[in-house]
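A structural walkthrough
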Amino acid sequence: MSISSRFSVGIHLLSLLDIDKDQPEINTSEFLAGSVNTNPAVVRKIMGMLRNAGLVKTRPGKAGAELAKDLSEVTLLDVYKAVEAVKENQLFSIHDHPNPKCIVGRNIQHSIGEHFYEAQLALEQSLKKTTVDQVVRQIEKDEASEERH
């Protein structure tokens, strides 16, 4: 099972809001959904998560969304946590109820649990090193490169 796609969609939405920051009125859930190629209801759900995390601002009954923070202050870890890509400390799940009559069944959870926790911490430390602003700058660089070809 993979990390929820809400994570990449959240990064996508924040990046688009930054690129279109001079025109917040166009950033409707329909417009954003067109960019992500998904249903506007999915965008509204993720935007709600981003809003609850203090990353975006929306106004009920008014079209458009905008960033609540400069993206140089928002790490990929912030987005990961905002959209609940995985439950806290459960990136790797360990199967429930192994057979206690088996040597492996009795010991597997304890034996691998700490390794899984360390792996999740390593992922989170890596995500903390990159800001969404860095992602946006890479998108713009890639776009400029494509235009030259």
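Everything below is about the structure printed above this text.
Structural notes, computed from the coordinates. (Residues numbered from 1 in each chain as written. Predicted model: local features only at pLDDT ≥ 70, side-chain atom pairs only at ≥ 80, totals over all residues. Heavy atoms only, no water.)

**Concerning the side chain of Asp20**
The criterion, for reference: Put simply, DSSP H or I for four residues or longer makes a helix, DSSP E for two residues or longer makes a strand, and each gets a number counted from the N terminus. Any pair of residues with heavy atoms lying within 4.5 Å of one another is described as a contacting pair.
Tracing the backbone shows Asp20 in the loop between α1 (6-19) and α2 (29-36). Residues within four places of Asp20 in sequence aside, it is in contact with Ile26, Asn27 and Phe31.

**Structural notes on the nonpolar core**
We apply this condition: Throughout, nonpolar core names a set of buried Ala, Val, Leu, Ile, Met, Phe, Trp, Tyr and Cys residues whose side chains join them through atoms within 4.5 Å. Burial classes follow relative accessibility: with a 1.4 Å probe on protein chains only, a residue under 20% of its type's maximum area counts as buried, one over 50% as exposed, and anything between as partly exposed.
In this structure, Phe7, Leu13, Leu14, Met47, Leu50, Val79 and Val132 are the most contacted members of the largest nonpolar core, which totals 31 residues. Elements that contribute at least two residues to this core include exactly α1, α2, α3 (40-52), β2 (62-67), α4 (76-82) and α6 (132-148). No other element matches the seven residues that α1 contributes to this core. If we skip the residues at most four places from it in the chain, Val79 touches Phe7, Gly10, Ile11, Leu14, Leu50, Val74 and Val132.

**Structural notes on the pairing of strand β1 (residues 56-59)**
The following threshold applies: Two strands pair under a simple rule: DSSP has to find at least two bridges between them.
Pairing between β1 and β2: four bridges, direction antiparallel. Its bridge partner being in β2, Arg59 is matched across the sheet by Lys62. What sits between the antiparallel neighbours β1 and β2 is a turn of two residues, in which Gly61 has the positive phi angle 80°.

**Regarding the environment of Gly34**
When you line up the elements, Gly34 lands in helix α2. According to the relative accessible area criterion, Gly34 is exposed, its value standing at 53%. With eleven residues separating them in the primary sequence, Gly34 and Lys45 have C-alpha atoms 15 Å apart.

**Quick word on the pattern of salt bridges**
This is how it is decided: Counted as salt bridges are all cases of a side-chain nitrogen of Lys or Arg within 4 Å of a carboxyl oxygen of Asp or Glu.
Scanning the model with the defined rule gives five salt bridges in all. The closest approach of N and O atoms between Arg44 and Glu30, which form a salt bridge, is 3.8 Å. Separated by 14 residues along the polypeptide, Arg44 in helix α3 and Glu30 in helix α2 bring together distant segments of the chain. The shortest N-O distance in the salt bridge between Asp133 and Arg137 comes to 2.7 Å. In this pair, Asp133 and Arg137 are both assigned in helix α6, four residues apart and thus about one turn of the helix distant. Among the charged side chains, a network of salt bridges with common partners joins Asp18, Lys21, Asp133, Arg137 and Glu140.

**Quick notes on the side chain of Thr131**
On the secondary structure map, Thr131 appears in the loop between α5 (103-128) and α6. Since its relative accessible area comes to 14%, Thr131 is described here as buried. Residues contacting Thr131, with those up to four places away along its chain left out, are Leu71, Ser72, Val74 and Thr75.

**Focus: the packing of aromatic side chains**
Quick note on the threshold: Any pair of Phe, Tyr and Trp rings, taking the six-membered ring for Trp, is counted once the centres come within 6.5 Å. Such a pair is stacked with planes under 30 degrees apart, edge-to-face with planes over 60 apart, and tilted for the rest.
The full count for this structure, using the stated rule, is two aromatic pairs. On the basis of an interplanar angle of 80° and a centroid distance of 5.4 Å, the ring pair of Phe7 and Tyr80 is categorised as edge-to-face. One end of the pair, Phe7, is in helix α1; the other, Tyr80, is in helix α4, and 73 residues separate them in sequence. Judged by its relative accessible area of 14%, Phe7 is buried. When its relative accessible area of 3% is taken as the criterion, Tyr80 is described as buried. Where Phe92 meets Phe116, the ring centres are 5.1 Å apart and the plane angle is 40°; that geometry is what we call tilted. Of this pair, Phe92 sits in the loop between α4 and α5 while Phe116 is found in helix α5, placing the two residues 24 residues apart along the sequence. Look at Phe92 and you get partly exposed, because its relative accessible area is 38%.

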